[in-house]
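# Examining the three-dimensional arrangement
Spelled out, the chains give:
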Amino acid sequence: MTDITDRQKVEEAFHDQRAKQDVKDFYSFGALRDADEYLWASVGNVANKRVLEIGCGDGTTSVRFAKAGAQVTSIDISADMVELTMKKAREAGVAESIHAVRMGGEDLDFPSNTFDIVYGHSVLHHLNLGLAAPKIVGVLRVGGVAAFLEPLNHNPFLAVFRLLTPHRRTPTEQPLSIEQIQSFARHFASCEREEFYLISLLSFLWYYGIRNERLFRKTMNSLVIVDRWVFSLIPILKRFAWVTVVRLTK
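As the structure is a prediction and not an experimental result, all values here were calculated from the model.

What follows is about the nonpolar core. The nonpolar side chains of soluble globular proteins are, as a tendency, buried together. Formed by 38 residues in total, the largest nonpolar core has its most connected members in Val-43, Phe-65, Ile-98, Tyr-197, Phe-204, Trp-242 and Val-243. When near neighbours in sequence (up to four residues on either side) are disregarded, Phe-65 contacts Trp-40, Val-43, Val-46, Val-51, Ala-70, Val-72 and Tyr-119. One finds Leu-129, Ala-133, Ala-146 and Val-246 within the second-largest nonpolar core, a separate group that totals 31 residues.

Quick look at a nonpolar patch on the surface now. Residues Ile-199, Leu-202, Leu-205, Val-226, Trp-229, Leu-233, Ile-234 and Ile-236 make up a contiguous nonpolar surface patch of roughly 800 Å² in combined accessible area. Counting residues per element, the nonpolar patch draws most heavily on helix H9 (residues 213-233), which supplies three residues. Counting through the fold element by element, Leu-202 comes out in the loop between strand E6 (190-196) and helix H8 (204-209).

Quick look at the environment of Arg-162 now. Following the sequence through the fold, Arg-162 ends up in helix H6 (residues 156-164). According to the relative accessible area criterion, Arg-162 is buried, its value standing at 15%. A C-alpha to C-alpha distance of 9.8 Å links Arg-162 and Pro-175, two positions 13 residues apart in sequence. When sequence neighbours within four positions are dropped, the list of residues in contact with Arg-162 reads Pro-151, Leu-152, Asn-153, Arg-169, Pro-175 and Trp-242.

Once that is clear, we can look at the packing of helix H1 (residues 6-19) against helix H4 (residues 79-92). Between H1 and H4, the shortest axis-to-axis distance is 7 Å and the interhelical angle comes to 40°. Taken together, the axis directions place H1 and H4 in an arrangement best described as oblique. Within the contact between the two elements, H1 uses His-15, Asp-16, Arg-18 and Ala-19 and H4 uses Ala-79, Asp-80, Met-81 and Leu-84. Partitioning the contact of H1 with H4 into residue classes produces four nonpolar, one polar and three charged.

Strand order across the open sheet formed by seven strands is E3-E2-E1-E4-E5-E7-E6, with mixed pairing between neighbours. Edge positions in the sheet fall to strand E3 (98-102) and E6, since each has one partner strand and no second. Sheet twist, expressed as the mean angle between neighbouring strand axes with direction ignored, is 15°. In the sheet, strand E2 (residues 71-76) pairs with E3 via five bridges, with the strands oriented parallel. Bridge pairing in E3 links Ser-74 to Ala-100. Against the sheet, H4 contacts E2 and E3, and its axis sits at roughly 165° relative to E3.

Reading guide: rules and limits
Residues numbered from 1 in each chain as written. Predicted model: local features only at pLDDT ≥ 70, side-chain atom pairs only at ≥ 80, totals over all residues. Heavy atoms only, no water. Core = buried A, V, L, I, M, F, W, Y, C linked by side-chain atoms within 4.5 Å. Buried < 20%, exposed > 50% of the residue type's maximum accessible area, 1.4 Å probe, protein only. Contact = heavy atoms within 4.5 Å. Patch = residues over 30% accessible without salt bridge, like charges linked within 9 Å, V, L, I, M, F, W, Y side chains within 5 Å. Areas by Shrake-Rupley, 256 points an atom, 1.4 Å probe, with all protein chains shown as cover. Salt bridge = Lys/Arg side-chain N within 4 Å of Asp/Glu carboxyl O. Helix = DSSP H or I, 4+ residues; strand = E, 2+ residues; numbered from the N terminus. Axes fitted to C-alpha atoms, helices over the stretch in contact; angles between N-to-C directions. Parallel < 35°, antiparallel > 145°, perpendicular 65-115°, else oblique. Nonpolar A, V, L, I, M, F, W, Y, C, P; charged D, E, K, R; others polar. Pairing = 2+ DSSP bridges.

As structure tokens, then:
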């Protein structure tokens, strides 16, 4: 990997540390389950496809892609996360289908039109989008799909939560605005978005109150349905959702 920026050094140090921790929080309760599965479904059948996962983390999704028949290139700014990815790949018996390498999302060093799918979960908001967008478009083949799940920055209650929990994130990451996503999407031929979690954020009362996983899941599952109804009636409220899933084609 070439020399990295100061921003990338901050990200690298944070995620190297995360790789050494067994973090159990509301994500392990399935907080993003609906959005996660929507993101996964958005790329379609991956058998025999060449997939680039940006920000592979511990390799869970890379292994899922490999088990589904894809040839996977997994990158992460953290060398420790890359190591975890290959460890998980070996344990799952899919190491031959995964190539993991330390690389920043702004520094994609692959030939043009290499990948059928570019995939990222909560990664774009860690990047310099002005640098990353043309790189991502460049490595994606014509007709290929890029899919990302990203946090949004319009909800004032989530903004307060983020201020109160700085330990949960790097100082260099910033949730995205709809306008930033729209600007990013202009590099592609088409873009579709779906927002998730507004009323359903009330489920977190069970997590931060009594840490009851069953009640958290049950409440979340019910209120996600309410979210869909509210978003269909008042589309402008989608702006205040927790996350968006973006599907782009080249």
